[in-house]
Structures are given as C-alpha cells and as structure tokens.
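The primary structure of each chain is shown beneath.
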Amino acid sequence: MKKGIVWIAAISLALAGVTGEGHHAEHKHWGYKGEVSPAHWAQINPKFRMCKLGANQSPVNLNRFIDAKLPKLKIYYAGIAFDVVNNGHTVKVNTKGRDEVVVDGITFTLKQFHFHTPSENTIDSRQYPMEAHFVHQSKDGEYLVIALMFKEGKENKVLQKLLNDVSPKVGEVKKLHEMFNPGELFPKKLDYYRYDGSFTTPPCTEGVRWIVLKKPVEASRQQIVKLHKIMGNNNRPTQPLKARVILR
Ligand SMILES: [Zn+2]
C-alpha cells in the first residue's frame, strides 16, 4: 500500500517536471534588476555560489598594471557569424567554422560573441557605452574571452550587418542576411591587457583568461541605443581585484 503512494508521488513529480509546473530552483531566472540582480545571483541557485565566493571574478576595473612583454595577439578567424538572437540576457551571435586564437600555446576556438551595454570591464575607471565579448573554448574545455570596447562615433558597418537582422523578441533566432568574419569587428591594432577572471554571468565560473583590447572601435549612437533598447543595462558591476594584477 505504502509503495503505491510513493509511486503516485513520483509520477506526479515527474509530470510536474515535464509540464514545467514544478517550482524548482533551476527554474528561477537571474537578471540585472530587483531581486534577481547580480547581488543576489548566488542565492538564486546553489550552482551560482561562485558569484559570491569567487576570488577571481569578472568584470573588473583594470587599474593595477604590471608592464609585461605580452606576445602579439594572433587571431586566426576564418569562420563566419551566421545567426543572432536576443536570449533575454544579451544579444548573442553564433559563429561557425575555424575561428581560432592561440594563447599560452593553447588553441581556443570562438563559440559566440555577445554584447553588454554599458561596458562591464572598465579601464582606469573609464566605462564605455558598450563592450563585446568573444567567447572561446579550448579542446580541454578552458575558456578565453576577448573583450572589445565600443565608443560613440561613426556608424560601424560590420555591426550594422547584425543590427539589420536582430529581433528584440526573446529567443527568436535570426539568420544573418550578410554573414561576416567576426574578426572584421576588431581594430587593426590588437594591443591588449590580460588578467584571470570568470564568466560575468551565472554560474560565474572562474579560470577564464581575459584579453581586453586596449583600442576601442566606434559605433554610432543610434547603433548603441538600438542594442541597449533590446538588452537594457546588462552589465554586472566590477568585482574586487583581490590578489590580481593586470598585465599590459
Ligand atoms: Zn559577456
């Protein structure tokens, strides 16, 4: 008899899961405002605990510099940006093909890039109106992010190719009419800062190599406003550097 009751309970739990009616912790969303804002991320889900406990979190204010002879950044991008989506946290562009960068002798492949308005990292306390993150992963699952700052200026023709197709509707994936090599967004001079950090979104995983390009590129006010209208303020506040230094 008892066994039967347990079974019924198990079945109803399973059904709740299937129909999405269960109130499980993982169904709770994180965001940038109110009770799901960055200060509360660690409480939303135990998997997000690093957001609070981590000692090497991103973004940061880059201001404790060490002069290092950093090797020239070599970006080998041969793939394409092929679709764009507002995933509810950011506008993300998926990429395909061989887009690689080699750092520390490790090959990292570009997976996607996305935007934050305003910038998340700040340089000597200067915040830019927009920052793009190019997220790369190695064969062993290590992460490297290249951060590119945007300042207000003339229209950015490459950026416009994705702005033409992006839908504000959450989850609506749009194929790009004009696919392009993501490397076209980078400035000619690839001088950079480097530090060890984390994802700037839950689960705030650490061990991420951060490359922040020194030279910003331009985008028009209208272009930045268009992305900001879709994403809102989606910047996590800067996190303490603690024991870290920034290589330049
Ligand atoms: Zn990001």
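See the structure printed just above.
Rules of the game
Residues numbered from 1 in each chain as written. Predicted model: local features only at pLDDT ≥ 70, side-chain atom pairs only at ≥ 80, totals over all residues. Heavy atoms only, no water. Helix = DSSP H or I, 4+ residues; strand = E, 2+ residues; numbered from the N terminus. Disulfide = S-S within 2.5 Å.

### A short note on unusual backbone geometry
So, point 1. Geometrically, the link from Ser58 to Pro59 is a cis peptide bond, its omega value of 0 degrees lying close to zero.
So, point 2. By the secondary structure assignment, Pro59 is in the loop between α3 (50–53) and β1 (61–62).
So, point 3. Along the chain, Pro202 connects to Pro203 via a cis peptide bond; the corresponding omega equals 10 degrees.
So, point 4. Take Pro203: it is sitting in the loop between β12 (192–198) and β13 (206–213).
So, point 5. Its identity is not glycine, yet Cys204 carries a phi of approximately 60 degrees, on the positive side.

### Looking at the state of the cysteines
So, point 1. Applying the stated criterion to the full structure yields one disulfide.
So, point 2. The side chain of Cys51 participates in a disulfide bridge whose partner is Cys204; the two sulfur atoms lie 2.1 Å from each other. An S-S torsion of about 90 degrees defines the bridge between Cys51 and Cys204 as right-handed. Here Cys51, found in helix α3, pairs with Cys204, found in the loop between β12 and β13; they are 153 residues apart in sequence, far enough to count as distant.

Note that every value here comes from positions in space, so none of it alone points to a role or purpose.
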